[in-house]
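Coordinate inspection notes
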Amino acid sequence: MMNNFNLENQYQLYLKRMELLPEDEMHPEQRKQLRQTFMGACGQMLFLLRDEVGALEERKAVEVMQDMINQVGNYFLKESNKSN
């Protein structure tokens, strides 16, 4: 069973969801930069959730989190339309 709170597991899920190459097929520098970017983004999001969103009233926190989810979704929709 996968530990959902393990960032390494989340990174592997990210690679699959984005249909990226398996790490063993990546150039070493690509692998290093992608992993650093993923972990850096996770860290930033964790700080945001802990320090900013965690300080909000529950209803507002849910709204803010939904807005951030929408922003990510809109980014990927926009990017996928560029490649078509």
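Everything numeric in this text was worked out from a predicted model, so none of it was measured.

1. Topic: the pattern of salt bridges
This model, assessed by the stated rule, comprises six salt bridges. When the shortest N-O distance is used, the salt bridge between Asp-51 and Arg-50 registers 2.6 Å. Owing to a relative accessible area of 38%, Asp-51 belongs among the partly exposed residues under this scheme. With relative accessibility at 56%, the residue Arg-50 sits in the exposed group. For Lys-82, the salt bridge goes to Glu-79, with nearest N and O atoms at 3.2 Å. Here Lys-82 and its partner Glu-79 are both found in helix α3 (residues 58-82), three residues apart, which amounts to about one turn of the helix. For Lys-82, a relative accessible area of 56% gives the class exposed. Here the residues in one salt-bridge network are Glu-8, Glu-23 and Arg-35, joined through shared partners.

2. Remarks on the packing of helix α1 (residues 7-17) against helix α2 (residues 28-52)
In contact at an axis separation of 11 Å, α1 and α2 are set at 120° when each is read in the N-to-C sense. Between α1 and α2, the angle is such that the two are oblique. Viewed along their axes, α1 and α2 form a crossing whose handedness is right-handed. Residues Leu-7, Glu-8, Gln-10, Tyr-11, Gln-12, Tyr-14 and Leu-15 of α1 lie in contact with α2, whose contacting residues are Arg-31, Leu-34, Arg-35, Phe-38, Met-39 and Cys-42. A class-by-class count of the residues in the contact of α1 with α2 yields eight nonpolar, two polar and three charged.

3. Thoughts on the packing of aromatic side chains
One pass over the structure, following the stated rule, counts three aromatic pairs. Between Tyr-75 and Phe-76, the aromatic rings sit 5.1 Å apart at their centres with planes inclined by 80°, giving edge-to-face as the arrangement. Since its relative accessible area comes to 36%, Phe-76 is described here as partly exposed. Connected via pairs of aromatic rings, a cluster forms that spans Tyr-11, Tyr-14 and Phe-38.

4. What about α3?
Between its first and last C-alpha, α3 extends 36 Å over 25 residues, near the 36 Å set by a 1.5 Å rise per residue. The residue sitting at the N-terminus of α3 and contributing the capping side-chain oxygen is Glu-57; that oxygen lies 3.0 Å from the backbone nitrogen of Arg-59.

5. Remarks on the confidence of the model for the protein
When pLDDT is averaged along the protein, the result is 92; 95% of the residues meet or exceed 70. The least confident element of the protein, judged by mean pLDDT, is α1 at 93; the most confident is α2 at 96.

So, how was this worked out
Starting from 1, residues in each chain are numbered consecutively following that chain's sequence as written. Only residues with pLDDT of at least 70 get local features here, since the model is predicted, and only at 80 or more are side-chain atom pairs given and counted; chain-wide, interface and lining totals rely on the full set of residues. In computing side-chain properties, one takes all heavy atoms of the structure into account and sets aside hydrogens as well as water. Basic side-chain nitrogens of Lys or Arg form a salt bridge, by our definition, when they fall within 4 Å of a carboxyl oxygen of Asp or Glu. Relative accessibility decides the category of a residue: with a 1.4 Å probe and only protein chains considered, values under 20% of the type maximum give buried, values over 50% give exposed, and everything between is partly exposed. A run of H or I in DSSP counts as a helix once it spans at least four residues, and a run of E counts as a strand once it spans at least two, with each numbered from the N terminus. In this description, a line fitted to the C-alpha atoms serves as the axis of each element, helices being fitted only across the stretch in contact, and the angle between N-to-C directions of two axes falls anywhere from 0 to 180 degrees. To sort the angles, those under 35 degrees are grouped as roughly parallel, those over 145 as roughly antiparallel, those from 65 to 115 as roughly perpendicular, and the leftovers as oblique. Should the near helix be turned anticlockwise from the far one by less than a right angle, the crossing is termed left-handed; should it be turned clockwise, right-handed. Working rule for contacts: check all heavy atoms of both residues, and any pair within 4.5 Å makes them a contact. Only Asp, Glu, Lys and Arg are considered charged, only Ala, Val, Leu, Ile, Met, Phe, Trp, Tyr, Cys and Pro nonpolar, and every remaining residue, Gly among them, polar. Stacked, edge-to-face and tilted labels apply to pairs of Phe, Tyr and Trp rings (six-membered ring for Trp) whose centres lie within 6.5 Å, assigned for plane angles under 30 degrees, over 60, and everything in between, in that order. By this rule, a helix spans an expected 1.5 Å times one less than how many residues it contains. Distance and chemistry together define a polar contact, namely a pair of N or O atoms within 3.5 Å, with one atom able to donate a hydrogen and the other to accept it when in protein, and with adjacent residues in sequence counting only for side-chain atoms on both sides. The pLDDT score gives, residue by residue, the confidence of the prediction method on a 0 to 100 scale.

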